[in-house]
Amino acid sequence: MASHSWKDAYRGMSADNIKGLVLALSSSLFIGASFIVKKKGLKKAGASGVRAGSGGYSYLYEPLWWVGLITMIVGEIANFAAYAFAPAILVTPLGALSIIISAVLAHIILREKLHIFGILGCVLCVVGSTTIVLHAPQERQIESVTEVWGLATEPAFLLYAVMVLIAVFILVFHYIPSYGQTHIMCYIGVCSLVGSLSVMSVKAIGIALKLTLSGMNQLVYPQTWAFTFIVLLCVITQMNYLNKALDTFNTAVVSPIYYVMFTSLTILASVIMFKDWDRQNPSQIITELCGFVTILSGTFLLHKTKDMVDGQIPLSIRSPKHMEDEEDGIDQESIPLRRQDTSCMRSP
């Protein structure tokens, strides 16, 4: 009887989940590779013109940079399509794989040494991703974009959306003017909160397009265009405050914090709106959470040690206390989070 109930609880991946998985993996491959191709293009352009880090735009004349940009766009399109087939719990955490691909290709192509802790971070990301893939919930069967709108207007998700908007307004109008330049969570908080709503709208649009291509036209429903408007508004807001964060603080600090907050809030929004966990037993949910925590651990380890040299501690992971001791008592608490001088930064 126990064996029978286990089989009922876990029937393997559905066809839609497999399609979403393939698209998510393809997205990570393209996006991870795009960073390397773009960086090669930036280096090549910088050798014959003004570097991007010094304010130059010679990379716009470099075909290799455009190849990298196109590769990234293809990856984002694949990621967009993945949400139409698989739940956000499966698709969103797999974004960490692009970090692995980028790190490995940088080690092979750009000769950027991958430290032993970086390798361990990659392994943790793979283990966590595999765990989530094997225990991800089946995608909810939806027949119309109006059904998605119904899920989005249920009291639980409306309460979440209202709380998100209140938090964003408080951050934008109260905390950012006073603390935006010194507290990284102000900018990242806005990006992550708004991002969770944008992913839900992206998923709705993806479902609408999937149904339209299958013969059930969803473009005639105003809900489709309402979701489109929400996506545009959210993405513009995200990009604005993410650029502010990247311009103010170190990328090595911004990237892992943004990934953790964005992914966590997206999964929470998906659980509330699409009720992903209603179709799973507690052991599956706990296993997914363990896989997610494993990915987070690997991501932090990979980012924090990517500039580590044998026998040295990278600046971005030294504690404020350690730095104060080195600087003879001068307060350096904000330095590990601050952006490095533009002329010293490596191209993205």
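The model shown is predicted, which means the values in this text are computed figures rather than measured ones.

Visitor: Before we move on, could you go through helix α9 (residues 184-213) and cite the residues and values that matter?
Guide: Owing to its 3.6 residues per turn, the α-helix brings residues three or four apart onto one side. Taking 1.5 Å per residue as the helical rise, α9 with its 30 residues ought to reach 44 Å, and the 42 Å between its terminal C-alpha atoms agrees with that figure. Of all 30 residues in α9, 25 are buried, a share of seventy percent or more. Once α9 ends, the next one or two residues include G215, with phi positive near 110 degrees.

Visitor: Outline helix α7 (residues 145-152), listing residues and values.
Guide: Among the residues of α7, V145, V148, L151 and A152 are the ones counted as buried. Seen along its axis, α7 keeps its buried residues to an arc of 110 degrees; they face one direction.

Visitor: Lay out the packing of helix α6 (residues 116-135) against helix α12 (residues 282-304) with the relevant residues and their values.
Guide: Packing of α6 against α12 leaves a shortest axis separation of 7 Å and a crossing angle of 160 degrees. Classified by the angle between their axes, α6 and α12 sit roughly antiparallel to one another. Relative to α12, α6 is oriented so that their crossing is left-handed. Broken down by class, the residue content of the contact of α6 with α12 amounts to eleven nonpolar, 13 polar and one charged.

Visitor: Describe the pattern of salt bridges, with residues and values.
Guide: Going through the model one piece at a time under the given rule, you end up with three salt bridges. D16 serves as the salt-bridge partner of K210, at 3.8 Å between the closest nitrogen and oxygen. Taken as a pair, K210 in helix α9 and D16 in helix α2 (residues 15-48) lie far apart in primary sequence, 194 residues in all. The partner of K44 in a salt bridge is E62, with the nearest N and O atoms 4.0 Å apart. Of this pair, K44 sits in helix α2 while E62 sits in the loop between α2 and α3 (63-85); the two residues are 18 residues apart in sequence, bridging distant segments of the chain.

Conventions used here
Position labels on residues start from 1 in each chain and follow its written sequence. The predicted nature of this model means local features are confined to residues of pLDDT at least 70 and side-chain atom pairs, given and counted, to a pLDDT of 80 or more, with totals for whole chains, interfaces and linings taken over all residues. Only hydrogens and water are set aside; all other atoms, that is, all heavy atoms of the structure, feed into the side-chain values. Numbering of helices and strands runs from the N terminus; a helix is a DSSP stretch of H or I covering at least four residues, while a strand is a stretch of E covering at least two. Any helix carries an expected span of 1.5 Å times its number of residues minus one. Partly exposed residues are those whose accessible area sits between 20% and 50% of the maximum for their type, while under 20% is buried and over 50% is exposed, using a 1.4 Å probe and protein chains only. The directions from the helix axis to the C-beta atoms are what the arc is built from. Helix axes are fitted to C-alpha atoms over the stretch in contact, other axes to C-alpha atoms as well, and angles between N-to-C directions run from 0 to 180 degrees. Here the angle decides the label: under 35 degrees means roughly parallel, over 145 means roughly antiparallel, 65 to 115 means roughly perpendicular, and every other value means oblique. Here is the rule for handedness: rotate from the far helix to the near one, and if that takes an anticlockwise turn smaller than a right angle the crossing is left-handed, while a clockwise turn gives right-handed. Three classes are used: nonpolar for Ala, Val, Leu, Ile, Met, Phe, Trp, Tyr, Cys and Pro, charged for Asp, Glu, Lys and Arg, and polar for all others, with Gly counted as polar. For salt bridges, the criterion is a side-chain nitrogen of Lys or Arg within 4 Å of an Asp or Glu carboxyl oxygen.

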